[in-house]
Amino acid sequence: MTAPAPDATVVSTYALRLGDDALVLAQRLSAWSSRAHDLEEDIALTNIGLDLLGQARSLLTYAGEVEGAGRTEDDLAYLREEREFVNCQLVEQPNGDFAQTVARQLYFSTWQLALWEALLGSADETLAAVAGKAVKEADYHRDHAVQWTLRLGDGTPESHDRMQAGLDRLWPFVGELFEVDEVESSLVAAGVAVDSAALRPSWDGFVDGVLAEATLTRPSDPWTATGGRRGIHSESFGYLLAEMQHLHRSHPGATW
Amino acid sequence: MSSGTVGGTSPAGAEQTRTAPTTLWEVFVRSKRGLSHNHVGSLHAPDAEMALRNARDVYTRRQEGVSIWVVPASEIVASSPDEKDSFFDPAADKVYRHPTFYDIPAEVQHL
């Protein structure tokens, strides 16, 4: 690589974004524990959540190291305020019914798999190493989402309608996944980050194929939410953080 | 029921096999160094593909295996407890069926 070494703050921000995506979605998925339609699906969803939590731990730890301010993964997960979280708004959206959770998983894991595949070649060794482990996990997450999208979409009229409603409800949060700002573009130039915008065509192709097979319609809502990467979040996010952080804030350093 | 169907709880001719009530599946896992698949338990799933995935999540999350079989529980033919006496007791006094009356030459290995 002949490109100049990227600024540490920017690398830290980028790792934090990817880590927050994984952390927040892991927290959402954990809420399915004992709530899915059967024990098997409870375990499947929480397994996926645990994969994401593992990714989040690696990324937050790395973000803290690169930042150089002595913050640990726990400091970053439990002691930041809402406006300091830089996850995309898609992952913080409420679970809704099972179909809405499946829609969120389909949208996110299709994007995240493409991201990890591209990050395998990152000039940043830590990000490439995280990608090497995460790519297999994301592959399974996407497969899980596809299997359920097909079954709900091409199932009963009720399951079809719910799946379509879940897809429609979350569609406005898809666009943000492919936004590129100056943080990302500077790291793309350095060979560290992935150009998110370049992931869009294959994402569209894959999701369109799944929706067609599942007899579902690609949503067309033109409105796109944005701001997650700048710390702007949707209404329910504060409640998620309160639940996630309350134990650590009430009993700092608590372990079990 | 004809062989190959995965139902067991759905009425014959139900038009929606994919959304039939979940079926019970028996799960067999081959461990990394195991030669054969061993029965590890059962689970519920709507169809074969989901049964495989559920088995992966429920029974191999601690690296228990490298290969999984799932079989509809309704397709397993089992011996009846009522037949236990006639099936199994007659073998009890046939010690000569065990290869314990031979002297093994020292040269024979891996026996």
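For the structure itself, consult the block above.
Since the structure is predicted, the reported quantities are computational estimates derived from the model, not experimental observations.

1. Digging into the overall build of chain A
Right, on to step 1. Check the secondary structure of chain A and you find ten helices and zero strands.
Right, on to step 2. If you list the helices and strands of chain A from N to C, you get α-α-α-α-α-α-α-α-α-α.
Right, on to step 3. In terms of principal-axis extent, the alpha carbons of chain A reach across some 55 × 45 × 30 Å.
Right, on to step 4. With 256 residues in all, chain A has 44% of them scored as buried.

2. Brief notes about the environment of B:Ser67
Residue and element names in this part refer to chain B.
Right, on to step 1. With respect to the helices and strands, the residue serine 67 is situated in strand β3 (residues 67-72).
Right, on to step 2. For the pair serine 67 and proline 46, spaced 21 residues apart in sequence, the C-alpha separation works out to 21 Å.
Right, on to step 3. If we ignore the near neighbours within four places in the chain, the residues touching serine 67 are Arg30 and His37.

3. Remarks on the sheet that holds β3(B)
Residues and elements named next belong to chain B.
Right, on to step 1. Pairing is antiparallel in the open sheet, where three strands are placed in the order β2-β1-β3. One side of each edge strand has no neighbouring strand; the edge strands of this open sheet are β2 (38-45) and β3. When the angles between neighbouring strand axes are averaged without regard to direction, this sheet yields 30 degrees.
Right, on to step 2. Examined bridge by bridge, strand β1 (residues 23-30) and β2 share seven bridges and lie antiparallel to one another. Bridge pairing links valine 27 to glycine 41 in β2.
Right, on to step 3. Here helix α1 (residues 48-59) sits on the sheet and contacts β1, β2 and β3; the angle it forms with β2, its principal contact strand, is near 120 degrees.

4. Digging into the nonpolar core
Right, on to step 1. Core analysis: the biggest nonpolar cluster contains 70 residues, and A:Ala15, A:Leu59, A:Leu90 and A:Val102 have the highest contact counts within it.
Right, on to step 2. Looking at this core element by element, the count peaks at 13 residues for helix α5 (residues 98-119) of chain A.
Right, on to step 3. Residues contacting A:Ala15, with those up to four places away along its chain left out, are A:Leu59, A:Tyr62, A:Ala63, A:Val66 and A:Leu127.
Right, on to step 4. One finds B:Val29, B:Ala45, B:Met50 and B:Val70 within the second-largest nonpolar core, a separate group that totals twelve residues.

5. A closer look at the pairing of β3(B)
Residue and element names in this part refer to chain B.
Right, on to step 1. Of the two faces of β3, only one is covered, namely that formed by Ile68, Val70 and Pro72; the face formed by Ser67, Trp69 and Val71 stays uncovered.
Right, on to step 2. Across six bridges, the pairing between β1 and β3 is antiparallel. Looking at the pairing, glutamate 26 lines up with valine 71 of β3.

6. Description of the environment of A:Asp75
All names here are of chain A.
Right, on to step 1. Examined against the element boundaries, aspartate 75 turns out to sit in helix α3 (residues 73-78).
Right, on to step 2. For aspartate 75, a count of 14 C-beta atoms within 10 Å puts it in the partly exposed group.
Right, on to step 3. Separated by 15 residues in the primary sequence, aspartate 75 and leucine 60 have C-alpha atoms spaced 9.3 Å apart.

7. Quick word on the interface of chain A and chain B
Right, on to step 1. On the chain B side, the residues contacting the eleven residues of chain A number 15 residues.
Right, on to step 2. Those elements giving two or more residues to the side of chain A that touches chain B turn out to be α2 (39-67) and α6 (125-153) of chain A.

About the criteria used
Residues numbered from 1 in each chain as written. Chains lettered and ligands numbered in written order. Predicted model: local features only at pLDDT ≥ 70, side-chain atom pairs only at ≥ 80, totals over all residues. Helix = DSSP H or I, 4+ residues; strand = E, 2+ residues; numbered from the N terminus. Buried ≥ 20, exposed ≤ 12 C-beta atoms within 10 Å, placed from the backbone. Contact = placed C-beta atoms within 7 Å. Pairing = 2+ DSSP bridges. Axes fitted to C-alpha atoms, helices over the stretch in contact; angles between N-to-C directions. Core = buried A, V, L, I, M, F, W, Y, C linked by C-beta atoms within 7 Å.

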